[in-house]
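Structural features, examined
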Amino acid sequence: MPITNFEGNTFVAFLDISGFKEMVKHQEKAWLALDRFYQLGYNILRRQNDEFPRVDGLFISDCGILFAREGNSVQNQLSSLLSKIEKINKGMLEEDVMLTTSIAFGPFKYQERIEFSGIEKNPVFGSAYIAAYLDSANGKPAIQPGQCRILMENLPNEVIGFIENGQQEITRRIQRVGTKHYFFYWNVRSPHDIEGFIQRYHDSYNLKYSGMLKALKGEND
């Protein structure tokens, strides 16, 4: 089903396949990752039925852009978007593929244009999209594989309270990290699991660094 036009303030998520440039060196692996990414996104967004607010999205190359349509509150827009992001991330993880996800709030516009044979124009505009994209590409600190983070800039006060007070199950798995972001820990079952996950994730980087040292020194395991 085509995406209908949208213009307004909302949450926009920019998803990106981690390590895709390396995957391209092995064309079959890259193709399988893209096929899974597109199909998973299509299936999850198609099965919303009468869910409100609805989340729409488009997928281009190794990236996806998701946005929440009008809802009865910005809090529900965020919840609906996060639930779709969680499903997509978990589905890709089953294929041993990790994503990064940056989310921003602000003005966003999607406009469907007339299509000609061989040409398709679907312009995407708005500061929310630009902020999400720039955070994914050049944000500080650099986003790491598997991470999903929400830019704090421009968040409405009611959304900050919604997150800080853990008013829904999904927001209880969000924590503030640094001065610019909230992190959504989509991979844990409860907030009590977050600390253990963070430690394991940190340990994995220490092991990677240790392996680099051994390689440079010509040591074997």
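These lines cover the structure that appears in this document, whether it is placed above or below. The structure presented is a predicted model; accordingly, all values stated were derived computationally and were not measured.

How each quantity is defined
Residues numbered from 1 in each chain as written. Predicted model: local features only at pLDDT ≥ 70, side-chain atom pairs only at ≥ 80, totals over all residues. Heavy atoms only, no water. Core = buried A, V, L, I, M, F, W, Y, C linked by side-chain atoms within 4.5 Å. Buried < 20%, exposed > 50% of the residue type's maximum accessible area, 1.4 Å probe, protein only. Contact = heavy atoms within 4.5 Å. Phe/Tyr/Trp six-rings, centres within 6.5 Å; stacked < 30°, edge-to-face > 60°. Axes fitted to C-alpha atoms, helices over the stretch in contact; angles between N-to-C directions. Helix = DSSP H or I, 4+ residues; strand = E, 2+ residues; numbered from the N terminus. Parallel < 35°, antiparallel > 145°, perpendicular 65-115°, else oblique. Left-handed = near helix turned anticlockwise from the far one by under 90°. Nonpolar A, V, L, I, M, F, W, Y, C, P; charged D, E, K, R; others polar.

Section: the nonpolar core
Counting 39 residues, the largest nonpolar core has Phe11, Leu66, Ile88 and Ile103 as its most contacted members. Look past the residues within four positions of Phe11 in its chain and what remains in contact with it is Leu66, Phe67, Ala68, Val74, Gln77, Leu78, Leu81, Ile103, Ala104, Phe105, Leu155 and Val159. Ile65, Phe108, Tyr110 and Leu151 belong to the second largest nonpolar core, which has 14 residues in total.

Here's the deal with the packing of aromatic side chains
Under the definition given, this model contains 14 aromatic pairs. One aromatic cluster is present, built from ring pairs that chain together Phe6, Phe67, Phe108 and Tyr110.

As for the packing of helix H3 (residues 74–93) against helix H5 (residues 157–164)
H5 packs onto H3 with a crossing angle of 55° between their chain directions and a minimal axis gap of 9 Å. Viewed along their axes, H3 and H5 adopt a mutual orientation that is oblique. Along this stretch, H3 crosses H5, giving a crossing that reads as right-handed. Between H3 and H5, the residues in contact are Val74, Gln75, Leu78 and Ser79 and Glu158, Val159, Phe162 and Ile163, respectively. Residue composition of the contact of H3 with H5, by class: five nonpolar, two polar and one charged.

Here we look at the packing of helix H2 (residues 27–46) against H3
Their axes nearest at 10 Å, the elements H2 and H3 cross at an angle of 145°. Read as a crossing pair, H2 and H3 show a hand that is right-handed. Contact residues: H2 offers Ala33, Arg36, Phe37, Leu40, Gly41, Ile44 and Leu45, while H3 offers Lys84, Lys87, Ile88, Gly91 and Met92. Along the lines of polarity and charge, the residues of the contact of H2 with H3 split into seven nonpolar, two polar and three charged.

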